[in-house]
Amino acid sequence: MLMEYAKSQHFPNPTFFIDDGYSGMDFSNRPGFQKMLAEIEAGHVEVVITKDLSRLGRNSSLTGLYINYTFPQYGVRYIAINDHFDTIDSNSTDSDMAGIKNWFNEWYSKDTSRKIRAVNKAKGERGERLTTNVPYGYKRDSDDPKKWVIDEEAARVVKRIFALCMEGKGPSQIAALLEKEKVLNPTAYKQREGRKTPHQTPENEYRWHESIVAYILEYMEYTGCTVNFKTYTNSIWDKKQRENPIENRKIFYNTHPAIISLEVFDKVQEIRQQRHRRTATGKSNMFFGLVFCNDCKQKFYYSTTSYFEKR
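Residues numbered from 1 in each chain as written. Predicted model: local features only at pLDDT ≥ 70, side-chain atom pairs only at ≥ 80, totals over all residues. Heavy atoms only, no water.

**As for the nonpolar core**
The nonpolar side chains of soluble globular proteins are, as a tendency, buried together.
1) Next: Y136, V158, I161, F162, W208, I216 and Y222 are the most contacted members of the largest nonpolar core, which has 32 residues in total.
2) Next: Mapped by element, the contributors of at least two residues to this core are α6 (152-166), α7 (171-180), α8 (186-192), α9 (210-217) and α10 (262-274).
3) Next: The element contributing the most residues to this core is α6, with 8 residues.
4) Next: Aside from chain neighbours lying at most four places away, what touches I161 is I174, L178, W208, V213, I216 and L217.
5) Next: Within the second largest apolar cluster, 17 residues are counted, among which are L37, F71, V76 and A98. (Core = buried A, V, L, I, M, F, W, Y, C linked by side-chain atoms within 4.5 Å. Buried < 20%, exposed > 50% of the residue type's maximum accessible area, 1.4 Å probe, protein only. Helix = DSSP H or I, 4+ residues; strand = E, 2+ residues; numbered from the N terminus. Contact = heavy atoms within 4.5 Å.)

Structural data, given as structure tokens:
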């Protein structure tokens with residue numbers, strides 16, 4: 001449609017910028033839009049054409065800013081075909097309606113977001129699992145993809161990680177041990193098994209980062225329960241995932257086979273909270289996690305330096 005329009009209006013050198021699967025509410029995370037903006041700022045663009053105003057964006061404030069300020073600043077003409085909008089004719093009645101249409105496009109996104117949130121909230125309240133990613137240690141049931149079954153090979157590694165923590169080893173020590181023993185990390189293991197993973201292929205398939213170990217040690221689903229509403233976002237404007245307090249989460253027990261008992265999991269959390277971290281000198285702080293600043297309420301940390309006298 002856009003190509004035919006460009007040909008009919010004799011616009012040369014048409015170039016397409018596509019954002020498929022990205023929200024129209026957020027301009028900064030749209031790679032196609034950002035590439036187009038870079039071309040505009042470089043002075044390579046004379047006309048921008050979209051099917052309608054909503055294809056440019058669904059954030060009424062920013063969409064209006066680009067149409068009324070950014071594009072004119074670089075001498076760019078903007079056309080929305082189906083909305084009969086063209087910045088070359090500023091006196092058109094269709095131009096007067098653009099602000100209202102932009103507001104309506106934003107309202108549509110907000111309404112859709114509210115409906116999706118309501119559906120997810122209802123699912124989560126019923127105990128339906130909200131995550132689509134199957135954690136390391138489990139795999140999908142071949143008879144019912146919604147169910148998790150234990151992946152014996154990976155589950156043995158998960159059990160070992162918990163056992164090592166019970167013995168007093170921290171995440172960095174456990175990670176170093178697994179790497180030394182050449183145990184495939186979760187991403188490499190899933191890729192070897194031919195399963196989808198959102199992560200890229202690691203350079204070192206045996207490299208275990210301490211954050212991965214810590215994540216496994218804190219993952220309550222290994223006890224056979226489903227935990228919903230672990231994170232939340234403030235609004236459709238702010239997509240940053242924030243951790244939900246434990247009292248705001250919904251926990252449903254015995255929803256799938258357990259790899260770790262609830263008693264072992266609770267004991268590991270207790271150990272991790274009370275763990276005395278060693279400094280580079282090899283000394284440990286006996287007050288770790290117990291002493292706080294009276295003003296800012298932050299933890300006090302044990303500090304050492306080779307310049308201190310022995311006493």
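**Regarding the packing of aromatic side chains**
1) Next: Applying the stated criterion across every chain, the model contains 15 aromatic pairs.
2) Next: A centroid spacing of 5.8 Å and a plane angle of 90° characterise the contact between Y136 and Y189, whose relative ring orientation is edge-to-face. Here the residue Y136 occupies a position in the loop between α5 (93-126) and β4 (138-140), and Y189 occupies one in helix α8, the gap between them amounting to 53 residues.
3) Next: Ring plane angle 65° and centroid distance 5.3 Å describe the contact between Y219 and Y222, whose orientation is recorded as edge-to-face.
4) Next: According to the relative accessible area criterion, Y219 is buried, its value standing at 5%.
5) Next: Ring-pair connections join several aromatic residues into one group, and the members of that group are Y138, W148, F162, Y215, Y219, Y222 and F265.
6) Next: Here the guanidinium or amino end of R129 rests over the ring plane of W148, the centre of that ring lying 3.9 Å away. (Phe/Tyr/Trp six-rings, centres within 6.5 Å; stacked < 30°, edge-to-face > 60°. Lys NZ or Arg CZ within 6 Å of the ring centre and 35° of its normal.)

**As for a nonpolar patch on the surface**
1) Next: Together, W103, F104, W107 and Y108 give the surface a local cluster of nonpolar side chains, amounting to about 470 Å² of exposed area.
2) Next: Mapping Y108 onto the fold places it in helix α5. (Patch = residues over 30% accessible without salt bridge, like charges linked within 9 Å, V, L, I, M, F, W, Y side chains within 5 Å. Areas by Shrake-Rupley, 256 points an atom, 1.4 Å probe, with all protein chains shown as cover. Salt bridge = Lys/Arg side-chain N within 4 Å of Asp/Glu carboxyl O.)

**Side note on the pairing of strand β1 (residues 47-50)**
Looking along a regular strand, one sees side chains alternate from face to face of the sheet.
1) Next: Residues V48 and T50 point to one face of β1 and are all buried, whereas V47 and I49, pointing to the other face, are not buried.
2) Next: The sheet contact formed by β1 and strand β2 (residues 77-80) spans 4 bridges and is parallel. In the strand pairing of β2, V47 is matched with R77. (Pairing = 2+ DSSP bridges.)

**Points about the pairing of β2**
1) Next: Across 2 bridges, β2 lies against strand β3 (residues 85-86) in antiparallel orientation. Across the sheet, the residue bridging to A80 is F85, located in β3.
2) Next: Turn length for the β2-β3 hairpin, with the two strands adjacent in sequence and antiparallel, is 4 residues, and the turn residue H84 shows positive phi of about 55°.

**Digging into the layout of surface pockets**
1) Next: A volume near 1100 Å³ is recorded for the second largest pocket.
2) Next: If you trace the second largest pocket, you find 34 residues lining it, with T15, F17, M36, V48 and I49 closest to the centre.
3) Next: When residues of the lining of the second largest pocket are traced back to their parent elements, those giving at least two are α1 (2-8), α2 (31-41), β1 and α3 (53-56).
4) Next: Per-class residue counts for the lining of the second largest pocket are 18 nonpolar, 9 polar and 7 charged. (1 Å grid on protein atoms, 1.4 Å probe; cavity = no way out; pocket = protein on both sides within 12 Å on 5 of 7 lines; lining within 4 Å. Points joined across faces, edges and corners; volume = space filled by probe spheres on them. Nonpolar A, V, L, I, M, F, W, Y, C, P; charged D, E, K, R; others polar.)

**Quick look at the pattern of salt bridges**
1) Next: On inspection of all chains with the given rule, the structure shows 17 salt bridges.
2) Next: For R77, the salt bridge goes to D86, with nearest N and O atoms at 2.6 Å.
3) Next: Residue R77 is classed as partly exposed on the basis of its relative accessible area, which comes to 22%.
4) Next: Close ionic contact of E106 with K110 constitutes a salt bridge, the shortest N to O distance being 3.2 Å. Here K110 and E106 lie together in helix α5, a separation of 4 residues that amounts to about one turn.
5) Next: Note on E106: relative accessible area 8%, which makes it buried.
6) Next: Bridged by salt links that share partners, the residues K121, E125 and K250 form one connected network.

**Description of the sheet that holds β2**
Within a sheet, adjacent strands bond to each other through the backbone by hydrogen bonds, running parallel or antiparallel.
1) Next: Overall, mixed pairing links the 3 strands, which are arranged β1-β2-β3 in an open sheet. On the outer flanks of this sheet lie β1 and β3, each paired with one strand and no other.

**Some points on the packing of α6 against α7**
Two quantities define a packed helix pair, namely the angle between the axes and the distance from one axis to the other.
1) Next: Interhelical geometry of α6 versus α7 gives an angle of 135° and a closest axis separation of 10 Å. The orientation of α6 with respect to α7, classified from their angle, is oblique. Crossing geometry of α6 relative to α7 is assigned as right-handed. On α7, the residues touching V157, R160, I161, L164 and C165 of α6 are I174, L177 and L178.
2) Next: Here the residues of the contact of α6 with α7 are counted per class, giving 7 nonpolar, no polar and 1 charged. (Axes fitted to C-alpha atoms, helices over the stretch in contact; angles between N-to-C directions. Parallel < 35°, antiparallel > 145°, perpendicular 65-115°, else oblique. Left-handed = near helix turned anticlockwise from the far one by under 90°.)

Fair warning: the whole summary comes from geometry, so function is off the table for now.
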